[in-house]
Amino acid sequence: MTARSKKNIFRIVFFIIALYNFIESTKIYRFRFDLDYIYYYTNLSNFAVFIWISYIMVKMVKNQKESKNDYSVKFSVMMGIMVTFIIYNTLLGNPFTRDYWHLSNVLKHTLIPLLMFYDYLKYTPHKKIRFSDTYKSLIFPLLYFVYAMIRGLFTNQYPYFFVDPTGIGYTGVISYLIVLTMLMWGFSYLLYLLNKKRIS
């Protein structure tokens, strides 16, 4: 089997898993859409992955190569979903509970982020990621932070404890924001260097 065939098979499987996750998360098979879906960063980051892999499927069917801009978008999507993976598995999830191992939970918080991360590591050619992409990858998480805070002002409901000023105060929220943003950029910079230095 050729390397290209292996890549295509991997991405087809990836697409099927992402599609299942999207259908299960939105419950669109019930012919209704729960607006709470867009309330959580986890869902939005998984939706971004679904859109990305769907786009890749279209290019694959048309036998089109990925452009440098495609790789830039891929980097941002990958970083966005890795935020879900890292924060959930360090701050929110408890592997000693039954809910942690529920299929839908494993898909959106662990499997899909790891599939996206593997695709980045395996199928991103040498020197396709630009330094500016490390900053662009912060846009989606920061926009979500603004959205969550504004929504919380009107509803007094916050999706996660680290964006809840009623629980940890605005000082706590800002502290988490600064630390998480710095850690995320540092991680994205390491992945940029990996793509820049490694032999394709």
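Here the structure is shown first, and the text comes after it.
Residues numbered from 1 in each chain as written. Predicted model: local features only at pLDDT ≥ 70, side-chain atom pairs only at ≥ 80, totals over all residues. Heavy atoms only, no water.

**Thoughts on the packing of helix α2 (residues 41–61) against helix α3 (residues 68–92)**
And step 1. Running from N to C, α2 and α3 point in directions that differ by 150°, and their axes come no closer than 9 Å. By the criterion of interaxial angle, the relationship of α2 to α3 is roughly antiparallel. Crossing of α2 against α3: the hand is left-handed. Residues Tyr41, Thr42, Ser45, Asn46, Ala48, Val49, Trp52, Tyr55 and Lys59 of α2 form the contact with α3, whose participating residues are Asp70, Lys74, Val77, Gly80, Ile81, Val83 and Thr84. (Axes fitted to C-alpha atoms, helices over the stretch in contact; angles between N-to-C directions. Helix = DSSP H or I, 4+ residues; strand = E, 2+ residues; numbered from the N terminus. Parallel < 35°, antiparallel > 145°, perpendicular 65-115°, else oblique. Left-handed = near helix turned anticlockwise from the far one by under 90°. Contact = heavy atoms within 4.5 Å.)

**Description of the packing of aromatic side chains**
And step 1. Per the stated rule, a full pass over the model turns up 28 aromatic pairs.
And step 2. Both rings, one in Tyr100 and one in Trp101, keep their centres 4.8 Å apart while their planes meet at 75°; by these two values the pair is edge-to-face.
And step 3. Ring pairs connect the aromatic residues Tyr39, Tyr40, Tyr160, Phe161, Phe162 and Tyr176, which therefore count as one cluster.
And step 4. Above the ring of Tyr39, the side-chain terminus of Arg151 is found at 3.7 Å from the ring centroid. (Phe/Tyr/Trp six-rings, centres within 6.5 Å; stacked < 30°, edge-to-face > 60°. Lys NZ or Arg CZ within 6 Å of the ring centre and 35° of its normal.)

**Digging into the side chain of Asp164**
And step 1. Within the element layout of this structure, Asp164 appears in the loop between α6 (139–155) and α7 (165–197).
And step 2. Excluding residues within four positions of it along the chain, Asp164 makes contact with Tyr158, Gly169 and Val173.

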